[in-house]
Amino acid sequence: MQAWLRSLSFPVPSSVSDAVSLARFELERALPAYSFRLSVQPELGEGWSFSRRDGEACLAGGPAGLLYGAYHLIQLSLSGQALPEEAASAPRYALRMINCWDNMDGTVERGYAGRSLFFEGGAFQYDPDRIRSLGRLLASVGLNVLCINNVNVHFPAQLLLEDLLPDLAALADLLRPFCVRLMISVDFSQPLRHGLPSADPLDPAVRAWWAEAANRVYAAIPDLAGFLVKADSENRPGPHAYGRSHAEGANMLAEALRPHGGVLVWRAFVYNCHQDWRDTATDRPRAPWELYMPMDGQFADNVILQVKHGPFDFQVREPLSPLLLSLRHTPMAMELQLAQEYTGHQIDIYAMPPMWQELFRDLPADRICAITAVSNLGRDENLTGHPFAALNLFAFGRLAWDPAVDPAEVTRQWARLTYAFPEAQERQLVSLLMGSRRVYEKYTAPLGLGWMVNPHVHYGPNPSGYEFDQWGTYHKANHTAVGIDRTRNGTGYLSQYPESFQRRYGDPSVCPDLDLLFFHRLPYSFVMKDGRTLLQRIYDDHFEGYEEAAAMQETLKALPFPEPDAGVIQERMQRQLANAREWRDVINTFFFRLSGIPDQHGRVIYD
Ligand code: GCV
């Protein structure tokens, strides 16, 4: 249950009620060989420094910094490394948040690790020891904010602003020693449920209502991090209903939070989800940039615009959202997704660090001020369903602390802390994990095409599932060609990028293979850089993807995982293999039936 902190099997007693005493408690229990002096230096904030001289180990930091420093030292030691003579560290981003999509009926939207850790039957319901373990897990990798409810705010989560406040405050109390502050998702139309005739952000009565709501919440939870809002997106209410802009909507809520030091996190995931598939003028990835660029500089300074890392929606491969590269005067958070919605449902293995490294290759770290990720947590005994999904949570914390972190190194640290295998076996596991995203990509998403999944569930192949639908997610495959031209000759999406990106993606003979069909519409006979045709490359990738998944199964069988992980890993790997086979055959057959062009190597494709 403690994932990478398995060795910290001693519970945190409820009497440990603040970060400094927690840091002391953890160090004394986990590293009894050392005598630690803790020096509270509030000016270091969340940062910490450490020195070890003449038998005395001194850790300095603000209260949170002491806790993060303590976990850093403990993890070094647990992974077999000696404590350094000197060390210091501070987080790159102040807001490092997990977004839970938990509903109060106990379900979790896009949850693949069991039911909610916080709610059941329309009420708060949790095991305090488990919440403390969760706090420890988050703090151990420096995560500091937990938004506990779904951005799609369903009843009765609206009551978090009033009747459910005492329960919310009790949960905040449990997490406070771990320096994890709560955030809540709120519904923009909430004033309508309280007798107001509108939720118009410029209406003084509406503004007064939100100010009062914020006063109430902060009286109960003075350190609440703020509110998270999904508005005018996928049928959620928002300021557009009143002819107001998103800046006007967000600023109204920010004003209510300002006296309390709270932030308003406003999601930029807005597009037309009722598109007519016959409408070729609308190209969904253009939507966020088109909506928010004209508002650059209009948001209050306690608003953070939360932008998904790609312009679509957490597909296996998307280019970096051009919005993240373009806004100059708007504080932004980049949103990642640990929940494996399109990436294997925590059945298939999909380690995310290599993908995140690609994002930060393109995104200068100082373009954003915060980083968030959709949770992959649930009530399963191991918290993440697949034991390997814990790597993504661990690595996300590390990335949020330092976006320059090396993906292989972080994967190795996680593997060592979790399994402590001998070196050769550790190397095998790390290499399997590092390659897992590419394997999944090979059997699912040809060359930058996404969305070929079963609609709504988003697991398993269905190449036409979203093709004649309203979600704006088309590949437009016919008997000669596939993809959408997003250059200036096509939908013009590419023009939203800086010049260097336009050069990288604009010409199909230069565009990286794996992004090719995101940006271009090409004939099956298009010759790739390595001389293969586009169609042959699609066939080859799908055959290879399945074979590589089969090889992963063999590797895993030979590794000495302890129970219960061993059983879960084998069982899920079997399902992954069946999934890979299904994807291989459905996608290859789909393109073969359309094109009539056989595989050059004569492998089985079904006609
Ligand atoms: C919370 C996608 C998911 C939805 C999710 C939405 C969002 O559309 O399928 O389940 O809703 O993204 O990020 O708001």
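Residues numbered from 1 in each chain as written. Predicted model: local features only at pLDDT ≥ 70, side-chain atom pairs only at ≥ 80, totals over all residues. Heavy atoms only, no water.

S.K.: Can you lay out the packing of aromatic side chains for me, pointing to particular residues and giving the numbers?
M.R.: Each aromatic ring pair is specified by the distance between its two centres and by the angle formed by the two planes. For the coordinates displayed, the defined rule picks out 36 aromatic pairs. Centroid distance Y493 to Y497: 5.4 Å. Interplanar angle 90°. Geometry classified as edge-to-face. Seen from their ring centres, Y505 and F519 are 4.3 Å apart, and the 15° between their planes marks the pair as stacked. Residue Y505 is located in helix 13 (residues 499-506), and its partner F519 is located in helix 14 (residues 516-519); the two are separated by 14 residues in the primary sequence. Classification of Y505 by relative accessible area gives buried; the value is 2%. Here the aromatic residues F312, Y342, W451, Y466, Y493, Y497, F501, Y505, F518 and F519 are joined through ring pairs into a cluster of three or more. When the ring centre of Y546 is taken as origin, the NZ or CZ atom of R584, which lies over that ring, is 4.6 Å away. (Phe/Tyr/Trp six-rings, centres within 6.5 Å; stacked < 30°, edge-to-face > 60°. Helix = DSSP H or I, 4+ residues; strand = E, 2+ residues; numbered from the N terminus. Buried < 20%, exposed > 50% of the residue type's maximum accessible area, 1.4 Å probe, protein only. Lys NZ or Arg CZ within 6 Å of the ring centre and 35° of its normal.)

S.K.: Which residues make up unusual backbone geometry, and what values do they have?
M.R.: Across the chain, the bulk of peptide bonds are trans and the bulk of non-glycine residues have phi less than zero. A cis geometry characterises the amide bond from F155 onward to P156, with omega recorded as 0°. Inspection of the secondary structure assignment puts P156 in the loop between strand 8 (145-147) and helix 4 (165-175). In this chain, E563 is followed by P564 through a cis amide linkage whose omega measures 5°. Non-glycine residue H345 carries a positive phi angle of around 55°.

S.K.: Residues and numbers for the sheet that holds strand 12 (residues 303-308), please.
M.R.: With respect to topology, eight strands assemble into a closed barrel ordered 5-8-9-10-11-12-13-14, the strand pairing being parallel. This sheet shows a mean twist of 25° between the axes of neighbouring strands, independent of strand direction. Across four bridges, strand 11 (residues 263-267) lies against strand 12 in parallel orientation. Paired with R267 across the bridge in strand 12 is Q306. (Pairing = 2+ DSSP bridges. Axes fitted to C-alpha atoms, helices over the stretch in contact; angles between N-to-C directions.)

S.K.: Talk me through the site of the ligand; I want residue IDs and the actual numbers.
M.R.: In the region of the ligand, 14 residues are neighbours, and E109, K230, R267, K308 and E341 sit closest. Between N152 and the ligand, the recorded distance is 3.1 Å, taken from a side-chain N or O atom to an oxygen atom. Between the ligand and E234, the relevant distance is 2.7 Å, taken from an oxygen atom to a side-chain nitrogen or oxygen of the residue. Within the complex, the protein chains bury 95% of what would otherwise be the 340 Å² of accessible surface of the ligand. A molecule is said to occupy a pocket when more than half its atoms come within 2 Å of that pocket's grid points, and by this definition the ligand occupies the second largest pocket. For the shell around the ligand, the class distribution of residues is three nonpolar, three polar and eight charged. (Near = heavy atom within 4 Å. Polar contact = N/O pair within 3.5 Å; in protein donor to acceptor, adjacent residues only side chain to side chain. Areas by Shrake-Rupley, 256 points an atom, 1.4 Å probe, with all protein chains shown as cover. 1 Å grid on protein atoms, 1.4 Å probe; cavity = no way out; pocket = protein on both sides within 12 Å on 5 of 7 lines; lining within 4 Å. Sits in = over half its atoms within 2 Å of the grid points. Nonpolar A, V, L, I, M, F, W, Y, C, P; charged D, E, K, R; others polar.)

S.K.: I'd like a rundown of empty space enclosed by the protein, residues and numbers included.
M.R.: Under the defined criterion, the tally for this structure stands at ten cavities of 30 Å³ or more. Put simply, the largest cavity is a space of about 120 Å³. What lines the largest cavity is a set of 15 residues, among which F312, G448, G450, Y474 and R486 lie closest to the centre. Partitioning the lining of the largest cavity into residue classes produces seven nonpolar, six polar and two charged. Here the lining of the largest cavity spans two domains, since at least three of its residues come from each of domain 2 (95-420) and domain 3 (421-484 + 521-607). One number sums up the size of the second largest cavity: a volume of about 90 Å³. V316, A445, W451, V453 and W583 are the residues nearest the centre of the second largest cavity, which is lined by 13 residues in total. The class makeup of the residues in the lining of the second largest cavity is ten nonpolar, three polar and no charged. Each of two domains, domain 2 (95-420) and domain 3 (421-484 + 521-607), supplies a minimum of three residues to the lining of the second largest cavity. (Points joined across faces, edges and corners; volume = space filled by probe spheres on them. Domains from an automatic or database assignment.)

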